[in-house]
Amino acid sequence: MKTNLTSMFAGQDARKTAQRVLHGALLITLAGVTLTGASLAADSKPNIGILVPGPNAYFDPWHAAAADASKAFNINATFQVPPTDAFNLTQENALLDSLVARSTVGFALFPGDPNGTNAEEGKLAKRGIPTVNINGCTIDPSPALFCISADIYKAARYQAEELIKAIGGTGPIALLASQLTDPNTQLRIKAVKDAVAATDGKVTLTQVVADIDTPQLSPPAVNALLASQGTTLAGAMSTSYNPSIAMAVALTDNPQFRHIKFVGADGAPQVMDAVKQGIITGTLFQNTYGMAYAGAYAVTKAARDKCKVADDAPFSASLQTKRVLESQVQLVTKDNIAQFPLASIPSDTARLIDLLDHKVFKC
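Here the residue numbers are simple positions, counted from 1 along each chain's written sequence. Given that this is a predicted model, residues contribute local features only at a pLDDT of at least 70 and side-chain atom pairs are listed and counted only at 80 or more, while totals for whole chains, interfaces and linings are drawn from all residues. Excluded from the side-chain calculations are hydrogens and water; all other atoms, namely the structure's heavy atoms, are used.

1. Considering the environment of Ser-318
Relative to the helices and strands, Ser-318 is located in the loop between β11 (308-309) and β12 (324-326). A relative accessible area of 24% places Ser-318 in the partly exposed class. Two N or O atoms form a polar contact when they lie within 3.5 Å of each other; inside protein one atom must be a possible hydrogen donor and the other a possible acceptor, and for residues adjacent in sequence the pair counts only when both atoms belong to side chains. Only 3.1 Å separates the side chain of Ser-318 from the backbone nitrogen of Gln-320, close enough to count as a polar contact. Helix and strand labels come from DSSP, where a helix needs a run of H or I of at least four residues and a strand needs a run of E of at least two; each type is numbered from the N terminus. For every residue, the accessible area (1.4 Å probe, protein chains only) is compared with the maximum for its type, and the residue is labelled buried under 20%, exposed over 50%, or partly exposed between those bounds.

Listed below in structure tokens is the structure:
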């Protein structure tokens, strides 16, 4: 089996260029919606941090989201990643403390741990520094104001059900998953197992391959899966960024395995190309850009405008928290791929901003 690792990640520069173009286009797309609250003070530009606990290319659109939020909301928003090779709660907390010392007044962050992040957010809350969790939630009781995220369980269950439809409702499937320290991973594994269980044995989950969401770990893991089960698998799915690239490239380079129906995650160029060519069934988009953009706005309303979360805010409940401002997901296929910019659902971004202005906060 051949997999060209050079071609696999050659799209990285192109992806970054596309995102620079995209974020300008998104501002135009959203221009018809009121994106700034009337209470924002024009002469005040607070420092707002958008953070993750470690590097992952999935979060690259957050650079554009920070830049666009800075312009739209008259703030200084920056996307920050701690100096670590993998998700690290301690490093994320250290970065938060460092940014507070540099006069950052609010944070939208992807939590380094669903429980462990609560302690740091509690410390910040005592100092009057608001936090909003984005793209992943902490477990209640959480000091964060709320969480802006897709319903992780529901999204993964939907993804698994779409894969089951694609394989005709019967046969063995495999799951490629992210780091087990990612607060979303266990929810996704449970969702896939529940979707499989609902088939009453018609579909079997033969393997869960986790802790592989890096450019280095994903290719050998996918190669090993295909070498051992490639002739027998009916389908496979990935709930994270780098394994989706690895499987899309492997199926592109190895036609003998294209009987495997594959549903990936996110919008890497290699994945999108495979969708366009009909090599893979589809990929599940989260509104990556929009969650960071809306998160920056949310903490601005709390930190600068002193807005309070409304008692009747339209939150939904997840297995982690009762305060989820739910972001949408979209299965992108060959039939609808032209409708969706990279890693963004513009209509959902506009909807989130409108909810923050009119339903979530009282100012």
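2. Digging into the sheet that holds strand β3 (residues 104-109)
By definition, two strands form a pair when at least two bridges between them are found by DSSP. Across the sheet, six strands lie side by side as β2-β1-β3-β4-β5-β12; this open sheet has parallel pairing. For this open sheet the edge positions go to β2 (76-80) and β12, each flanked by a neighbour on one side alone. Geometrically, the sheet is characterised by an average inter-axis angle of 25° between neighbouring strands, direction not taken into account. Where strand β5 (residues 147-149) and β12 come together, three bridges link them in parallel fashion. Helix axes are fitted only over the stretch in contact, all axes being lines through C-alpha atoms; the angle between N-to-C directions runs from 0 to 180 degrees.

3. Looking at the pairing of strand β1 (residues 47-51)
Among the five residues in β1, four count as buried, and that is most of the element. Sheet analysis places β1 next to β2, joined by five bridges and oriented parallel. Pairing of Ile-48 across the sheet is with Ala-77, part of β2. In this sheet, β3 lies alongside β1 in parallel orientation, the contact comprising five bridges. In the strand pairing of β3, Ile-48 is matched with Gly-106.

4. Quick notes on empty space enclosed by the protein
Grid points spaced at 1 Å and placed over the protein atoms alone form the basis of the search, with a cavity being a set where a 1.4 Å probe fits but cannot get out and a pocket an open set showing protein on both sides within 12 Å along at least five of seven lines. Lining residues have an atom within 4 Å of a point. Grid points are joined across faces, edges and corners, and a volume is the space filled by probe spheres set on the points. If you walk through the whole model with that rule in mind, you get five cavities of 30 Å³ or more. What the largest cavity holds in volume is close to 140 Å³. Lining of the largest cavity is provided by 16 residues; of these, Tyr-58, Phe-59, Asp-182, Arg-188 and Asp-213 occupy positions nearest its centre. A class-by-class count of the residues in the lining of the largest cavity yields five nonpolar, seven polar and four charged. Surrounding the second largest cavity, Ala-150, Ile-152, Ala-155, Ala-156, Gln-159, Arg-188, Thr-239, Ala-265, Asp-266, Leu-284 and Gln-286 form its lining. Secondary-structure elements contributing two or more residues to the lining of the second largest cavity are α6 (152-166) and β10 (282-286). The dominant element in the lining of the second largest cavity, judged by the number of residues it contributes, is α6, at four residues. Polar here means any residue other than Ala, Val, Leu, Ile, Met, Phe, Trp, Tyr, Cys and Pro, which are nonpolar, and Asp, Glu, Lys and Arg, which are charged; Gly is therefore polar.

5. Some points on the state of the cysteines
Throughout, disulfides are identified as pairs of cysteine sulfur atoms within 2.5 Å of each other. Counted according to the given criterion, the structure contains two disulfides. Here Cys-137 connects covalently by a disulfide to Cys-147, the sulfurs 2.0 Å from one another. Its S-S torsion of about -80° marks the bond between Cys-137 and Cys-147 as left-handed, since a negative value means left-handed. Placement of Cys-137 in the loop between β4 (131-134) and β5 and of Cys-147 in strand β5 is noted, with a sequence separation of ten residues between them.

6. Focus: the packing of aromatic side chains
For this analysis, a ring pair means two rings from Phe, Tyr or Trp (six-membered ring only for Trp) whose centres lie within 6.5 Å, classed as stacked if their planes differ by under 30 degrees, edge-to-face if by over 60, and tilted for the remaining angles. A complete count under the given rule lists eleven aromatic pairs for this structure. Residues Phe-59 and Phe-110 carry aromatic rings whose centres are separated by 5.2 Å and whose planes lie at 55° to one another, so their mutual orientation is tilted. Of this pair, Phe-59 sits in the loop between β1 and α3 (61-73) while Phe-110 sits in the loop between β3 and α5 (117-126), and the two are 51 residues apart along the sequence. Measuring from ring centre to ring centre gives 5.1 Å for Phe-73 and Tyr-293, while their planes differ by 55°; the resulting arrangement is tilted. Pair noted here: Phe-73 is in helix α3 and Tyr-293 is in helix α11 (residues 288-303), with a separation of 220 residues, a long-range link. The exposure class assigned to Phe-73 is buried, which follows from its relative accessible area of 1%. Aromatic rings pair up to connect Tyr-58, Phe-59, Trp-62, Phe-79, Phe-87 and Phe-110 into one cluster.

7. A short note on unusual backbone geometry
The omega torsion across Asp-140 and Pro-141 is 0°, close enough to zero to call that bond cis. Located in the positive-phi region is Asn-135, a residue other than glycine, with phi close to 70°. Tracing the backbone shows Asn-135 in the loop between β4 and β5. Its identity is not glycine, yet Asp-211 carries a phi of approximately 60°, on the positive side. Among the secondary structure elements, Asp-211 is positioned in the loop between β7 (203-209) and α8 (218-229). For Asp-211, a relative accessible area of 34% gives the class partly exposed.

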